[in-house]
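Here is how the chains run, residue by residue.
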Amino acid sequence: MTQQGAVLQGYNNELVKCIEDLCMQKEELNKEIQQAKEEKNKLQHEIQVLNEQLECVCENLAQKVASRNELDKILAETEAAYMKILDSSRTLLNVLKKEVGSLKHTPELKTN
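All of the points below concern the structure found in this document. (Residues numbered from 1 in each chain as written. Predicted model: local features only at pLDDT ≥ 70, side-chain atom pairs only at ≥ 80, totals over all residues. Heavy atoms only, no water.)

To continue, consider the overall build of the protein chain. Broken down by element type, the protein chain carries two helices and zero strands. The C-alpha atoms of the protein chain give a radius of gyration of 47 Å, which is well past the 13 Å a tight globule of 112 residues would have. Dimensions along the principal axes, computed over C-alpha positions, put the protein chain at roughly 160 × 15 × 15 Å. By the burial criterion, 0% of the 112 residues in the protein chain qualify as buried. Averaging the locations of the 15 positively and 19 negatively charged side chains of the protein chain gives two centres separated by 16 Å. (Helix = DSSP H or I, 4+ residues; strand = E, 2+ residues; numbered from the N terminus. Rg over C-alpha atoms; globule rule 2.2 N^0.38 Å. Buried < 20%, exposed > 50% of the residue type's maximum accessible area, 1.4 Å probe, protein only. Lys, Arg positive; Asp, Glu negative; His and termini not counted. Charge placed at Lys NZ, Arg CZ, Asp CG, Glu CD.)

So this is what it looks like as structure tokens:
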């Protein structure tokens with residue numbers, strides 16, 4: 001019986017050691033889980049900050065694109081108006097040259 005008690009005591013000691021090892025593994029996993037949760041929270045916060053920054057940049061970009069489009073429109077209108085002025089000036093110059101040319105051929109101007 002003493003031998004059976006010794007075997008049983010050996011099994012018990014081995015079981016206690018296995019349970020202690022499992023508890024240590026659990027504690028290590030708990031530490032790793034806690035670190036992973038902290039890293040997750042940190043990354044989520046960084047993502048939130050970056051998303052807010054991205055939103056601001058997108059809004060700023062949209063405003064700048066709208067301003068540029070408005071400037072493009074104004075520039076196109078201004079260039080078109082300027083081209084009309086140039087065309088009118090050319091027409092006026094041509095008419096004036098013709099008038100001056102025809103005045104030189106009139107007899108009243110030649111005698112003066």
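More follows now that the structure is in view.
A complete count under the given rule lists two salt bridges for this structure. Between D21 and K17 there is a salt bridge, with the nearest N and O atoms lying 3.4 Å from each other. One end of the pair is D21 and the other is K17, both in helix α1 (residues 2-104) and four residues apart, which spans about a single turn. Residue D21 is classed as partly exposed on the basis of its relative accessible area, which comes to 32%. In this structure, D87 and R90 form a salt bridge, with 2.2 Å as the shortest nitrogen-oxygen distance. Placement of both D87 and R90 in helix α1 is noted, with a separation of three residues, approximately one turn of the helix. Take D87: its relative accessible area is 37%, and that puts it in the partly exposed class. (Salt bridge = Lys/Arg side-chain N within 4 Å of Asp/Glu carboxyl O.)

A few words now on a nonpolar patch on the surface. Together, Y82, M83, I85 and L86 make up a nonpolar patch on the protein surface, roughly 420 Å² of accessible area in all. If you trace the backbone, L86 turns up in helix α1. The exposure class assigned to L86 is partly exposed, which follows from its relative accessible area of 39%. (Patch = residues over 30% accessible without salt bridge, like charges linked within 9 Å, V, L, I, M, F, W, Y side chains within 5 Å. Areas by Shrake-Rupley, 256 points an atom, 1.4 Å probe, with all protein chains shown as cover.)

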